Amino acid sequence: MSTLARRLTAAATVASTKYQLDAETVFGTRGLPGDPGFLIVGLRDAQDRIEGEYDSIELQRLLDKAVLNGDAIRSHAIVQAQSKTETATP
């Protein structure tokens, strides 16, 4: 492979990785393995299911259940909801 081809390949890899990380940050799916589109839809669904739940005991129960079932997406949504609840509480 020529030097130019190697440089272009390296630049494309860096750009692709940066794009992926930016998308994960914007959509709140950083750290979750899987297809970005699937993760976004799954995360939104999980957020909708727990919307309006502010009781920390209930959120902990839901988190325990999600972890037990291996549901990383729902666990992520619950942790986000809990952190928003804690920062909103004076």
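Before any of the text, the structure's been laid out above.
Engineer: A description of the environment of Ser56 should follow, citing residues and the corresponding values.
Structural biologist: Note that Ser56 resides in helix α3 (residues 56–68). Here Ser56 falls in the partly exposed class, since its relative accessible area comes to 40%. Taking the C-alpha atoms as reference, Ser56 lies 7.1 Å from Gln82; in sequence the two are 26 residues apart.

Engineer: Explain the pattern of salt bridges to me, using residue names and the numbers behind them.
Structural biologist: As a working rule, side chains carrying opposite charge can pair if their charged atoms are close by. Under the defined criterion, the tally for this structure stands at 2 salt bridges. Among the ionic pairs, Arg49 bridges to Asp45, the shortest N-O distance being 3.0 Å. Highlighted residues: Arg49 and Asp45, both in helix α2 (residues 36–50), separated by 4 residues, approximately one helical turn. For Arg49, a relative accessible area of 57% corresponds to the exposed category. Note that Glu58 is salt-bridged to Arg61, the shortest N-O span being 2.5 Å.

Engineer: Give a detailed account of the nonpolar core, specifying residues and quantitative values.
Structural biologist: If you look at the biggest cluster of nonpolar residues, it comprises 13 residues, and the most contacted ones within it are Ile50, Ile73, Ala77 and Ile78. Looking at this core, the elements that each hand over two or more residues are α2, α3 and α4 (72–88). Once residues lying within four places of it in the same chain are set aside, the contact partners of Ile73 are Leu32, Phe38, Leu39, Gly42, Leu43 and Ala46.

What counts, and at which threshold
- Residues numbered from 1 in each chain as written.
- Predicted model: local features only at pLDDT ≥ 70, side-chain atom pairs only at ≥ 80, totals over all residues.
- Heavy atoms only, no water.
- Helix = DSSP H or I, 4+ residues; strand = E, 2+ residues; numbered from the N terminus.
- Buried < 20%, exposed > 50% of the residue type's maximum accessible area, 1.4 Å probe, protein only.
- Salt bridge = Lys/Arg side-chain N within 4 Å of Asp/Glu carboxyl O.
- Core = buried A, V, L, I, M, F, W, Y, C linked by side-chain atoms within 4.5 Å.
- Contact = heavy atoms within 4.5 Å.

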